[in-house]
Amino acid sequence: MAPPIDLRSDTVTRPCAAMRNAMASAEVGDDVYGEDPTARRLEETVAALLGKEAALFVSSGTMGNQIALLCQTRRGDEIVVGEGAHCAYYESGAAAAWSGVQPVFAGSGGLFTAADLEAAIKPPEYWHPRTSLCAVENTHNRAGGRVFPQADVIAIAAVARARGLGLHLDGARLWNAAAATGASPAELAAPFDTVSVCFSKGLGAPIGSALCGSRDLVRDAHRFRKMLGGGMRQVGVLAAAALHALDHNVARVAEDHANARALAEAIGAAPEARVAPVETNIVNVDVPGVPAALVVAAAARRGVRIGASGPERVRLVTHLDVPTAAIGPAAAAICEALREAASVAGGAR
Ligand code: TLP
């Protein structure tokens, strides 16, 4: 039987032979002593790419986000985020556990405006939490890979500056936002104090993210990374994979976007599906009246792995291990799965 087509996430990619060769031949040293030349090269490369003074290699997007919060907030503060923001929704309560902050949600659906931010900021009375940070996610995962419009980002940044808030960008998929808009990662990152980016999603590296910002912020970040157990030793083997990903896999994310659009179009023909507009590599499919778990199981039986992102919503993510030739068969299998799941759900009512 053919191996399953895995559309659960762009995190499922496996390093290719050339990436593994780059890892095997990486020059390394003890990075806790600051002696790993490949990690240094990666940090300098990413900082330059994002137009920031410095960068820190961290183990995951979660660690990057959480260190950014530790750097820019105090316990008891409030942070303003969009609905379903990864740093508040998918990080196991880390913001509450490590920084001691609580999230307040601006707008609806993940994206928000400067007016939404303004409305979410608490008045400066001592009995209110201090609103100290606004975090934007671009592209926005739960919003279905939507690009945060840069005009909104700029207006949000102006409000944040005027009200004394720090600004963090969760740019786990900033490469996708750049490919979709034609803007450079540095342009998209410019309004923010800290930016986290991932090498392990669309770019196909097995591990790794970077947190970027000013030299001072990254100095603090370095201390927090150590506190969280994220000081790594001969980490150049991982940094080499990230460098390989930056050299070879940034431009190609546009292919994932085209594949996602083709997938959405084919699935949109199924009467059971309400397919959200696709901007990048994520396709959200609402299946009103049909439990998502039934669709996931029916697709798996047909050799296609997808994820449930709500009780009646499934998520499909394209990535570099899903060739264009797999899109047609995957869409056909998902359409069949939708039909079967809808008939099972209908029978159960
Ligand atoms: N997202 C994962 C899951 O955790 C949901 C996925 O499959 O999409 N920011 C954003 C916007 C993300 O989507 C993710 C991962 C992260 C941060 C965290 O990255 P990791 O998994 O490296 O901690």
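Throughout what follows, the structure given in this document is the object of discussion. All values reported here derive from a predicted model rather than from experimental measurement.

Each value, and the rule that gives it
Residues numbered from 1 in each chain as written. Predicted model: local features only at pLDDT ≥ 70, side-chain atom pairs only at ≥ 80, totals over all residues. Heavy atoms only, no water. Pairing = 2+ DSSP bridges. Helix = DSSP H or I, 4+ residues; strand = E, 2+ residues; numbered from the N terminus. Axes fitted to C-alpha atoms, helices over the stretch in contact; angles between N-to-C directions. Contact = heavy atoms within 4.5 Å. Buried < 20%, exposed > 50% of the residue type's maximum accessible area, 1.4 Å probe, protein only. Lys, Arg positive; Asp, Glu negative; His and termini not counted. Salt bridge = Lys/Arg side-chain N within 4 Å of Asp/Glu carboxyl O. Near = heavy atom within 4 Å. Polar contact = N/O pair within 3.5 Å; in protein donor to acceptor, adjacent residues only side chain to side chain. Areas by Shrake-Rupley, 256 points an atom, 1.4 Å probe, with all protein chains shown as cover. Nonpolar A, V, L, I, M, F, W, Y, C, P; charged D, E, K, R; others polar.

Regarding the sheet that holds strand β6 (residues 166-171)
Whenever strands of a sheet pair, they do so through backbone hydrogen bonds, lying parallel or antiparallel.
Here's step 1: Strand order in this open sheet of 7 strands is β2-β8-β7-β6-β5-β3-β4, and the pairing throughout is mixed. Lying at the two open borders of the sheet, with one neighbouring strand each, are β2 (54-58) and β4 (102-106). Taken over all neighbouring pairs, the strand axes of this sheet differ in orientation by 20 degrees on average, direction set aside.
Here's step 2: The sheet contact formed by strand β5 (residues 131-137) and β6 spans 5 bridges and is parallel. Bridge assignment links glutamate 137 to a residue of β6, and that residue is aspartate 170.
Here's step 3: Here helix α7 (residues 150-162) sits on the sheet and contacts β5 and β6; the angle it forms with β6, its principal contact strand, is near 150 degrees.
Here's step 4: Contacts from helix α8 (residues 174-181) reach β6 and β7 (194-198) within the one sheet, and its direction differs from that of β7 by about 90 degrees.

Some thoughts on the side chain of lysine 201
Here's step 1: By secondary structure assignment, the location of lysine 201 is in the loop between β7 and β8 (209-213).
Here's step 2: Buried within the structure, lysine 201 lacks any salt-bridge partner; aspartate 10 is the closest side chain of opposite charge, at an N-O distance of 6.5 Å.
Here's step 3: Excluding anything up to four places from it in sequence, lysine 201 contacts Asp10, Thr11, Thr13, Ala172 and Arg173.

Focus: the environment of proline 4
Here's step 1: For proline 4, the location among the structural elements is in the segment before β1 (5-6).
Here's step 2: Once the C-alpha coordinates of proline 4 and alanine 299 are considered, the two residues, 295 residues apart in sequence, prove to be 9.9 Å apart.
Here's step 3: Those residues in contact with proline 4 that sit more than four places away from it in its chain are Gly303 and Arg305.

Quick look at the pairing of strand β12 (residues 307-310)
Here's step 1: Across 3 bridges, β12 lies against strand β13 (residues 313-317) in antiparallel orientation. Bridge pairing links alanine 308 to valine 314 in β13.
Here's step 2: Counting the residues in the hairpin turn of β12 and β13 gives 2 residues.

Focus on the site of the ligand
Here's step 1: Neighbouring the ligand are 15 residues, the closest being Ser9, Thr62, His86, Asp170 and Arg173.
Here's step 2: Aspartate 170 is positioned such that a nitrogen or oxygen atom in its side chain is 2.7 Å from a nitrogen atom of the ligand.
Here's step 3: Measuring from an oxygen atom of the ligand, one finds a side-chain N or O atom of arginine 173 at 2.8 Å.
Here's step 4: Protein chains bury 82% of the 510 Å² of accessible surface belonging to the ligand in isolation.
Here's step 5: At 3 residues, the largest contribution of residues to the shell around the ligand is made by helix α3 (residues 61-72).
Here's step 6: Here the shell around the ligand is composed, by residue class, of 2 nonpolar, 7 polar and 6 charged.

These values are about where atoms sit, not about what they do.
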